[in-house]
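For reference, the chains in residue letters:
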Amino acid sequence: MVPRNMRTLIIKSASPAGTSHAEVADIIARSLAGHIDSIQVCPGGIIRISFLDPQLKKTYEEAGSISFEDICCQVVCSTPVTFVLVMIELKNP
């Protein structure tokens, strides 16, 4: 089983349309300067932020949101999905 990442928070971007990934990463980096290890801006508006201190990550996780300047982003997932149930319906030809 994959261990839970204790430092990474996954959020949904609430940046205005047209904001580049580089601009989003820069806003986050400025807002959380000295508290983060990495930022990954992913397709679909998903952003992964790895904190230096797992306790700080937990604080935002429990709050359910995180704000950068005037932008409030929702925490969407903090634990990777490790099991998926797939149902297959078999039909006779």
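Refer to the structure above for everything that follows.
Predicted model, so just to flag it, every value in this text is computed and none were measured.

### Digging into the pairing of strand β2 (residues 36-42)
No. 1: Of the strand pairs in this sheet, β2 and strand β3 (residues 46-51) are connected by six bridges, and their pairing is antiparallel. Counted as the bridge partner of Ser38 is Ser50 from β3.
No. 2: Counted between consecutive antiparallel strands, the loop separating β2 from β3 contains three residues, among which Gly44 sits at a positive phi close to 80°.

### Details of empty space enclosed by the protein
If a probe as big as a water molecule is rolled over the atoms, it shows which places are left empty.
No. 1: Under the counting rule described, the total for this entry stands at one cavity of 30 Å³ or more.
No. 2: Taken as a whole, the largest cavity encloses approximately 50 Å³ of empty space.
No. 3: If you list the elements that add at least two residues to the lining of the largest cavity, you get α1 (21-31) and β5 (71-77).
No. 4: Top element by residues in the lining of the largest cavity is α1. It accounts for three residues.
No. 5: Taken together, the residues of the lining of the largest cavity sort by class into seven nonpolar, two polar and no charged.

### Section: α1
No. 1: Within α1 the residues assigned to the buried category are Val24, Ile27 and Ile28. For α1, the angular spread of the buried residues around the axis is 95°, confining them to a single face.

### Some words on the packing of aromatic side chains
No. 1: A full pass over the atoms with the stated rule returns one aromatic pair.
No. 2: Between the aromatic rings of Phe51 and Tyr60, the centroid separation amounts to 5.7 Å while the plane-to-plane angle is 25°, which identifies the pairing as stacked.

### So, the environment of Ser65
No. 1: Relative to the helices and strands, Ser65 is located in strand β4 (residues 65-68).
No. 2: With 54 residues separating them along the chain, Ser65 and Ile11 place their C-alpha atoms 7.9 Å apart.
No. 3: Apart from residues no more than four positions distant in its own chain, Ser65 is found in contact with Tyr60, Cys72, Cys73, Gln74 and Val75.

What counts, and at which threshold
Residues numbered from 1 in each chain as written. Predicted model: local features only at pLDDT ≥ 70, side-chain atom pairs only at ≥ 80, totals over all residues. Heavy atoms only, no water. Pairing = 2+ DSSP bridges. Helix = DSSP H or I, 4+ residues; strand = E, 2+ residues; numbered from the N terminus. 1 Å grid on protein atoms, 1.4 Å probe; cavity = no way out; pocket = protein on both sides within 12 Å on 5 of 7 lines; lining within 4 Å. Points joined across faces, edges and corners; volume = space filled by probe spheres on them. Nonpolar A, V, L, I, M, F, W, Y, C, P; charged D, E, K, R; others polar. Buried < 20%, exposed > 50% of the residue type's maximum accessible area, 1.4 Å probe, protein only. Arc of directions from axis to C-beta. Phe/Tyr/Trp six-rings, centres within 6.5 Å; stacked < 30°, edge-to-face > 60°. Contact = heavy atoms within 4.5 Å.

Honestly, that's just the spatial picture; any functional story needs more than this.
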